[in-house]
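The primary structure of each chain is shown beneath.
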Amino acid sequence: MVDTGSAVDFLSNPILWIVVLVVLLVAFLMIRYRIGKPDEALIVTGSFLGKEGIKILKNSGTFVIPIVQKAHKLSLLTHKLEIGTPEVYTEQGVPIKASATVLVKVGNSTESIKTAAEQYLGKSTGELEDEAQEVLEGHLRAILGTMTVEAIYKNRDDFAEQVQEVASTDLKKMGLEIVSFTIKDVSDSNGYLDALGRPQIAEVKKNAEVAESNALRETRIKQAENEQLAQHEEIRRQTEIAEATKDMALKQAQYKQEREVADA
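Residues numbered from 1 in each chain as written. Predicted model: local features only at pLDDT ≥ 70, side-chain atom pairs only at ≥ 80, totals over all residues. Heavy atoms only, no water.

Peer 1: Would you take a moment to explain the overall build of the chain for this structure?
Peer 2: Helix and strand content of the chain: 7 helices and 9 strands. A burial count over the chain gives 26% of its 264 residues as buried. In the chain, the proportion of contacts linking residues at least 24 apart, taken out of those at least 6 apart, comes to 68%. A total of about 18,000 Å² of accessible surface is found on the chain, and carbon and sulfur atoms cover 57% of it. (Helix = DSSP H or I, 4+ residues; strand = E, 2+ residues; numbered from the N terminus. Buried < 20%, exposed > 50% of the residue type's maximum accessible area, 1.4 Å probe, protein only. Contact = heavy atoms within 4.5 Å. Areas by Shrake-Rupley, 256 points an atom, 1.4 Å probe, with all protein chains shown as cover.)

And the structure:
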């Protein structure tokens with residue numbers, strides 16, 4: 001049988017009711033508290049969030065009111081894009097191809113995160129990368145058409161900087177920023193770039209041959225100097241030996257003469 005007395009005591013005990021309510025309240029708060037990771041932004045939308053109806057948090061957390069508010073997470077990780085162009089006619093009318101490796105991400109500022117959230121919340125990572133790639137490739141083609149082949153060939157960093165500068169403006173409107181932009185390859189099907197490189201290669205080879213010839217000449221001179229020094233040293237040594245032998249012979253003759261005189 002159920003002990004009705006114990007049940008009545010439990011229901012009539014205010015302390016137990018308070019404990020139960022506190023436990024339920026703590027459990028509710030734990031469920032409704034949202035925390036963003038270091039590599040993501042926490043975005044809360046809904047009522048009681050001011051005129052804009054949005055709240056953006058980084059490396060922190062907040063309570064999300066049920067029914068009237070909703071929490072979203074937006075990744076701040078870097079996206080690696082491989083971009084390229086078909087043949088584009090440069091300023092001189094020479095068709096050139098170019099490819100680059102670009103790292104992009106959602107900007108760190110609150111405004112950038114808000115802009116990216118408006119455009120990409122609910123979309124996949126692939127859609128974000130596709131849109132960013134289209135913008136970058138478009139500007140890559142545009143800058144190629146305004147430069148000479150010689151300028152592209154001699155200063156790829158300047159070429160990359162120009163593309164990055166104009167592309168950054170459009171990406172900023174999408175809430176994105178460029179982390180790095182590196183030109184990977186520039187090529188043409190008519191051998192124009194190869195022709196530009198031949199004089200430089202020939203100059204490098206010539207300088208290398210001259211340097212090698214000078215090094216050999218200096219080596220031979222040094223060897224001749226060393227041989228001459230060695231010969232001089234050998235002559236000096238032989239001379240010293242001859243002088244020492246001569247002195248020894250004179251001393252021996254003098255000693256012999258003195259002995260003969262003494263004996264007589």
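Peer 1: What should I look at first to understand the nonpolar core in this one?
Peer 2: When a protein is soluble and globular, its nonpolar side chains tend to lie buried together. Leu-136, Phe-159, Leu-171 and Phe-181 are the most contacted members of the largest nonpolar core, which has 42 residues in total. Per-element tally for this core: the top contributor is helix α4 (residues 125–144), with 7 residues. (Core = buried A, V, L, I, M, F, W, Y, C linked by side-chain atoms within 4.5 Å.)

Peer 1: Is there a simple way to think about α4 in this case?
Peer 2: Three- or four-residue spacings in an α-helix give side chains the same orientation, since the helix completes a turn every 3.6 residues. With 20 residues, α4 extends 29 Å from end C-alpha to end C-alpha; this agrees with the ideal 28 Å at 1.5 Å per step. The set of residues buried in α4 consists of Leu-128, Ala-132, Val-135, Leu-136, Glu-137, His-139, Leu-140, Ile-143 and Leu-144. (Expected span 1.5 Å × (residues − 1).)

Peer 1: Looking at this model, I keep getting lost on a negative patch on the surface. Mind explaining?
Peer 2: A contiguous patch of negative charge on the surface is contributed by Asp-157, Asp-158, Glu-161 and Glu-165. Its location among the elements puts Asp-158 in helix α6 (residues 156–173). (Patch = residues over 30% accessible without salt bridge, like charges linked within 9 Å, V, L, I, M, F, W, Y side chains within 5 Å. Salt bridge = Lys/Arg side-chain N within 4 Å of Asp/Glu carboxyl O. Lys, Arg positive; Asp, Glu negative; His and termini not counted. Charge placed at Lys NZ, Arg CZ, Asp CG, Glu CD.)

Peer 1: How should the sheet that holds strand β3 (residues 54–58) be read in this particular structure?
Peer 2: Sheet strands associate in pairs through backbone hydrogen bonding, adopting either a parallel or an antiparallel arrangement. Reading across from one edge, β3-β2-β5 is the order of the 3 strands in this open sheet, with antiparallel pairing throughout. The open sheet has two free edges, formed respectively by β3 and β5 (69–75), since each of these has just one partner strand. Each neighbouring strand pair of the sheet contributes to a mean axis angle of 20 degrees, computed without reference to strand direction. Relative to β3, strand β2 (residues 40–46) is paired through 5 bridges, and the arrangement is antiparallel. (Pairing = 2+ DSSP bridges. Axes fitted to C-alpha atoms, helices over the stretch in contact; angles between N-to-C directions.)

Peer 1: Help me understand the side chain of His-139, please; the structure alone is not making it clear to me.
Peer 2: You can see His-139 is positioned in helix α4. Residue classification places His-139 among the buried residues on the basis of a relative accessible area of 18%. In this structure, His-139 is in contact with Val-163, Val-166, Ala-167 and Asp-170, ignoring residues within four places of it in sequence.

Peer 1: What is the right way to look at the packing of α4 against α6 in this model?
Peer 2: A packed helix pair is summarised by two numbers, namely the angle formed by the two axes and the spacing between the axes. Running from N to C, α4 and α6 cross one another at 135 degrees; their axes reach a closest spacing of 9 Å. Comparing the axis directions of α4 and α6 gives the class oblique. As α4 runs across α6, the sense of the crossing is right-handed. On α6, the residues that touch Ala-132, Val-135, Leu-136, His-139, Leu-140, Ile-143 and Leu-144 of α4 are Phe-159, Gln-162, Val-163, Val-166, Ala-167, Asp-170 and Leu-171. Of the residues assigned to the contact of α4 with α6, the class counts are 11 nonpolar, 2 polar and 1 charged. (Parallel < 35°, antiparallel > 145°, perpendicular 65-115°, else oblique. Left-handed = near helix turned anticlockwise from the far one by under 90°. Nonpolar A, V, L, I, M, F, W, Y, C, P; charged D, E, K, R; others polar.)

Peer 1: Would you take a moment to explain the pattern of salt bridges for this structure?
Peer 2: One side chain can pair with another of opposite charge once the charged atoms of both are near each other. Applying the stated criterion to the full structure yields 8 salt bridges. Put simply, Lys-123 and Glu-131 hold a salt bridge, and the shortest N to O gap is 3.2 Å. Residue classification places Lys-123 among the partly exposed positions, given a relative accessible area of 38%. For Glu-131, a relative accessible area of 26% gives the class partly exposed. Of the charged contacts, one joins Glu-233 and Arg-236 as a salt bridge, the two residues approaching to 2.3 Å between their closest N and O atoms. Of this pair, Glu-233 and Arg-236 both sit in helix α7 (residues 192–263), 3 residues apart, which is roughly one turn of the helix.

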